[in-house]
Amino acid sequence: MMQILILLSTLAAIQSAAVSEEKECEGVIIDGVYHDKEVLKTDLDRPYSLAVDFGTNILYFSYSLKKTDDVFKSVKINLYTKEYSEVEGIDNGFVHTVDQNNHVPYIGTSQGIYKYNYTTRTSAIVYGASDSDIWEIYFKDALYYSDFPSQFLYVLKYGESMRFKELEHTKVIHFAIDKDDVMFFTNGTGLYSQPIGTEDAYLYEKLENGERVRGFANDLKGNVYACFQDGIYKVDTATGTLKLIVPVDDAFGVAFDANNNIVYSDYQSVIHLKPNKNKTC
């Protein structure tokens, strides 16, 4: 009997230690550093197209209002104060980007692109492409966007839209530009990179209909990351490969905050990863 009690006590201690260890590792390890998961917002339907203004640390994103219809709402969260509110003056806001030099957010909708003035908190105003249903949007020196259903890539300058010359005959689903002016994009066949000014495309990964990729993001240094359905990947340009850094069940978007920490969304929540040097796995 005594041996059985000792055995049970030992098993209980092991189980307790295992549970404790499991709780200790509820975060994410990135580059050897433990990160806590802070849930910023939950009970949303597919929060999507995350973008952070590095100057204000305001996160912009959208979510679906109806599961059966393409109706979306643009919202924002102050990552410092956690203040949450709608973006004023926007109907059916879908995709987001930020001019980081001037701290100006742009929002793509089913009726064109809007420019939002956060400083004055006035309603967003129409910026361009008002006859287009915007599918994706990105800012670097100029505003880039693709429309639906054609999924062709455009550049918007001085109020006029022009097809992006190097990809004029290529459909584009998601895209971003890195610090070396290399365009990363996806379409129905794969995830590619292509230096701007050339037509030299490199295939990173084959895709079927492009559905596994749900967006790109730049960190503070201009490196590109890709949001796949199964998690967040870093684009390793040195090796021409993708590296999974944050596994996620049904990921929908990714961005970086003003401190270069990851913010991502899954099918119902928006989550902020915050480094915690007091924890480890």
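Remember, it's a predicted structure, so these values are computed and weren't measured experimentally.

Q: Talk me through the packing of aromatic side chains; I want residue IDs and the actual numbers.
A: All chains considered together, the criterion is met by 15 aromatic pairs. On the basis of an interplanar angle of 0 degrees and a centroid distance of 5.6 Å, the ring pair of tyrosine 106 and phenylalanine 139 is categorised as stacked. With tyrosine 106 in strand S8 (residues 104-109) and phenylalanine 139 in strand S11 (residues 133-140), the pair connects residues that are 33 residues apart, well separated along the chain. Judged by relative accessible area, which is 4%, tyrosine 106 ranks as buried. Overall, phenylalanine 139 belongs to the buried group, its relative accessible area being 16%. Where phenylalanine 228 meets tyrosine 233, the ring centres are 4.7 Å apart and the plane angle is 55 degrees; that geometry is what we call tilted. Taken together, the ring pairs connect Tyr48, Phe72, Phe94, Trp135 and Phe148 into an aromatic cluster.

Q: Describe the sheet that holds strand S4 (residues 58-64), and please don't skip the residues or the numbers.
A: Working definition: the strands of a sheet are paired by backbone hydrogen bonds and lie parallel or antiparallel to each other. With antiparallel pairing, four strands are arranged side by side in an open sheet as S3-S4-S5-S6. The open sheet has two free edges, formed respectively by strand S3 (48-53) and strand S6 (84-86), since each of these has just one partner strand. Taking the axes of each pair of neighbouring strands and ignoring which way they run, one obtains an average angle of 25 degrees across the sheet.

Q: Any details on the nonpolar core? Residues and values, ideally.
A: Among the nonpolar cores identified, the biggest contains 27 residues, and Tyr144, Leu153, Phe175, Met183, Leu191 and Phe228 are the most heavily contacted of them. If you list the elements that add at least two residues to this core, you get strand S12 (142-148), strand S13 (153-157), strand S15 (175-177), strand S16 (182-186), strand S17 (190-195), strand S19 (213-218), strand S20 (224-228) and strand S21 (231-236). Counting residues per element, this core draws most heavily on S16, which supplies four residues. Ignoring any residue separated from it by four or fewer positions in sequence, one finds tyrosine 144 in contact with Glu136, Ile137, Tyr138, Leu153, Tyr154, Val155, Phe164, Phe175, Ile177 and Met183.

Criteria and cut-off values
Residues numbered from 1 in each chain as written. Predicted model: local features only at pLDDT ≥ 70, side-chain atom pairs only at ≥ 80, totals over all residues. Heavy atoms only, no water. Phe/Tyr/Trp six-rings, centres within 6.5 Å; stacked < 30°, edge-to-face > 60°. Helix = DSSP H or I, 4+ residues; strand = E, 2+ residues; numbered from the N terminus. Buried < 20%, exposed > 50% of the residue type's maximum accessible area, 1.4 Å probe, protein only. Pairing = 2+ DSSP bridges. Axes fitted to C-alpha atoms, helices over the stretch in contact; angles between N-to-C directions. Core = buried A, V, L, I, M, F, W, Y, C linked by side-chain atoms within 4.5 Å. Contact = heavy atoms within 4.5 Å.

Just distances and angles here, no functional claims.
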